[in-house]
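# Coordinate analysis (summary)
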Amino acid sequence: MGIRYWLATYDSNAWRMFMELERSAVGSKRPKPYSPGDILLTYVRGEAGTPGQWTSGQQVMGDMFFDDQKIYRDGVWPYRWPVEPATPRFEFGCGLIARDLIGDMRLFDGLSSRTWGSALRSDGREIPSEDGEYLMDLLRSLAGDPVPVLIRRTPSTLGPRPTDGHSTRRAVTVSMRYDVLKRGNFRCARCGRTPATEPGCQLQVDHIFPWANGGETVLDNLQVLCVECNAGKSNRHSD
């Protein structure tokens, strides 16, 4: 059997602690069927206006072991697996926004824009291999790492186009995201903030005419907004 991909769900505090402590093992409250070579894809749940994000792929490097010492300040999580980064590890706020990828992943088949989050609630859920490979490539591309084999999504691998009247998928590709950010000088189109002068500023690529209202994922309908301005805009059309 080849590499298997698994969902590893964190809240933002646990992921920050994992990053700060540079952990070389992950933990769980119960045994899971991870095997050496498998990839754990980290999903960090959203909070306070910052959407949920994919932040890393971590490769299992050995068999499960038991350790009753606290792995984080708030819990023991005694079933452990040694891991090493298979992609860069991104801080919460700098990863791949999960909702932007729902149209490109089998994991969300049959789920609507309102119910897609249910697919990410089961920590330890197996993720389709093509989704796993896709996320790994996107995470490496986000960091500027060379990607030996870029998984190119086509209608034949993704299934039928959306039947909701759209001619494009909602997800913004990594290359398109970069083009929009570069065109916007890496600055929020509303308030003008930029990470260059405010390290805490988080930028997102937004549909000017909202996707929910029929807007398409094309360069002319995309703009750069900071997290706060995007949350305030919601599904309203930008002026």
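Okay, so let's go over this structure. (Residues numbered from 1 in each chain as written. Predicted model: local features only at pLDDT ≥ 70, side-chain atom pairs only at ≥ 80, totals over all residues. Heavy atoms only, no water.)

## A closer look at the pairing of strand S6 (residues 79-85)
Two faces belong to every sheet, and in a regular strand the side chains alternate between them. Where strand S2 (residues 25-28) meets S6, four bridges bridge the pair, whose relative direction is antiparallel. Along S6, the bridge assignment pairs Ser28 with Tyr79. In terms of strand pairing, strand S4 (residues 53-60) meets S6 through three bridges, oriented antiparallel. Bridge pairing in S6 places Gln59 opposite Glu84. Where strand S5 (residues 65-66) meets S6, two bridges bridge the pair, whose relative direction is antiparallel. Within S6, the position partnered with Phe65 by the bridge is Arg80. (Pairing = 2+ DSSP bridges. Helix = DSSP H or I, 4+ residues; strand = E, 2+ residues; numbered from the N terminus.)

## Digging into the environment of Trp81
Examined against the element boundaries, Trp81 turns out to sit in strand S6. Residues Trp81 and Ser35 lie 46 residues apart in sequence; the distance between their C-alpha atoms is 9.0 Å.

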